[in-house]
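Topology and contacts: notes
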Amino acid sequence: MDSPSESQKTSPDVTTWVAEYGDDLFRYALLQLRDRHAAEEVVQEAFLGALKNRRSFSGRGSERAWLYSILRNKIVDFIRARAKDRKEHSTPDSHDSINASFDELGRWKGEAIDWRLPDQSISDRELWALLHDCLDRLPTGQADAFVLSAMQDLASDEVCDELEISPSNLWVRLHRARLALAKCIGVNWFGNSEEPGNAP
């Protein structure tokens, strides 16, 4: 029979997890899902999943990394379910205002966006907040493709499977998302007020 100290080692205190990691996990989920309710839901599911599978934590890595790994899986599950629901009820990205900036092959109609190094005094937290705002302006289909590919680091075939789209559709979504994000960040971070393609 285990002594109390040994039991505590194999049975983490969920209250401690929430206190130590809850805010960071929530911010991470909110950045990727762009919905407070959804972020709260996946974080709660991550903690429940961690509690259910706490004996699978080997201790070789950090507890924080283990919880983030569980949360990433919950985020992917949520995006998959949301994409499936949207596919059943609507045509993704069919009427978004960003479409006007692209040709029929998904190529940007304007000039290349001018990237400059940001002022180093501006904190990473502000950049992440801006990225969240810019992601929030994207059509959901584009944002989900970008999050899974660029932020969750899934392979293209995995993203296609999760969103139930073709490779060419994924390419178009990612291309549009990257250019729209570059434009949004260019205007709001670098102060570039020129519309791409309209610069003198």
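A short note on helix α3 (residues 36-52)
- Between its terminal C-alpha atoms α3 stretches 24 Å, which fits the 24 Å expected from 17 residues at 1.5 Å a residue.
- Among the residues of α3, those classed as buried are Ala-38, Ala-39, Val-42, Val-43, Ala-46, Phe-47, Gly-49 and Ala-50.
- Where α3 begins, the side chain of Asp-35 points an oxygen toward the backbone nitrogen of His-37, at a separation of 2.9 Å.

A word on unusual backbone geometry
- In this model, Asp-153 sits at a positive phi of 60°, which is unusual for a non-glycine residue.
- Within the secondary structure layout, Asp-153 lies in the loop between α6 (140-151) and α7 (156-163).
- What makes Asp-153 exposed here is its relative accessible area of 64%.
- Of note, the phi angle at Glu-164 is positive, near 55°, even though the residue is not glycine.
- Here Glu-164 is to be found in the loop between α7 and α8 (167-188).

Overview of the confidence of the model for the protein chain
- When pLDDT is averaged along the protein chain, the result is 76, and 69% of the positions lie at 70 or above.
- The weakest mean pLDDT in the protein chain belongs to helix α1 (residues 4-10) at 42; the strongest belongs to α3 at 93.
- Across residues 1-11, confidence stays below pLDDT 50; counting only partners more than four residues off in sequence or on other chains, it has three contacts.
- Here residues 111-122 scores under 50 on pLDDT; set against residues more than four positions off or in separate chains, the count is 16 contacts.

Considering the nonpolar core
- The biggest cluster of nonpolar side chains holds 49 residues, and the ones touching the most others in it are Leu-25, Leu-67, Leu-71, Ile-75, Leu-135 and Leu-163.
- Those elements giving two or more residues to this core turn out to be α2 (14-33), α3, α4 (63-89), α5 (124-137), α6, α7 and α8.
- Beyond its immediate chain neighbours, meaning those up to four positions away, Leu-71 contacts Leu-25, Tyr-28, Ala-29, Val-42, Val-43 and Ala-46.

Focus on the side chain of Gln-32
- If you trace the backbone, Gln-32 turns up in helix α2.
- The exposure class of Gln-32 is buried, given its relative accessible area of 1%.
- Here Tyr-28 takes part through its side chain, which lies 2.9 Å from a polar atom of the side chain of Gln-32.
- Leaving out residues up to four positions away in the same chain, Gln-32 has contacts with Ile-75, Val-147, Met-151 and Gln-152.

Comments concerning the side chain of Asp-144
- If you trace the backbone, Asp-144 turns up in helix α6.
- Reaching out from Asp-144, the side chain makes a polar contact with the side chain of Arg-82 at a distance of 2.5 Å.
- With residues near it in sequence (within four places) discarded, Asp-144 still touches Arg-34, Ile-79, Arg-82 and Leu-163.

Quick word on the environment of Leu-170
- Summarising the element assignment, Leu-170 is placed in helix α8.
- Look at Leu-170 and you get buried, because its relative accessible area is 2%.
- Residues Leu-170 and Gln-142 lie 28 residues apart in sequence; the distance between their C-alpha atoms is 8.5 Å.
- For Leu-170, the contacting residues outside a window of four places in its chain are Ala-145, Ser-156, Val-159, Cys-160 and Ile-165.

Topic: the pattern of salt bridges
- According to the stated counting rule, one finds seven salt bridges in the structure shown.
- Linking Asp-24 and Arg-27 is a salt bridge whose minimum nitrogen-to-oxygen distance equals 2.4 Å. Taken as a pair, Asp-24 and Arg-27 lie in helix α2 at a separation of three residues, close to a single helical turn.
- Note that Glu-164 is salt-bridged to Lys-84, the shortest N-O span being 3.7 Å. Here Glu-164 is found in the loop between α7 and α8, whereas its partner Lys-84 is found in helix α4, with 80 residues between them in sequence.

Rules of the game
Residues numbered from 1 in each chain as written. Predicted model: local features only at pLDDT ≥ 70, side-chain atom pairs only at ≥ 80, totals over all residues. Heavy atoms only, no water. Helix = DSSP H or I, 4+ residues; strand = E, 2+ residues; numbered from the N terminus. Expected span 1.5 Å × (residues − 1). Buried < 20%, exposed > 50% of the residue type's maximum accessible area, 1.4 Å probe, protein only. Polar contact = N/O pair within 3.5 Å; in protein donor to acceptor, adjacent residues only side chain to side chain. pLDDT = per-residue confidence, 0-100. Contact = heavy atoms within 4.5 Å. Core = buried A, V, L, I, M, F, W, Y, C linked by side-chain atoms within 4.5 Å. Salt bridge = Lys/Arg side-chain N within 4 Å of Asp/Glu carboxyl O.

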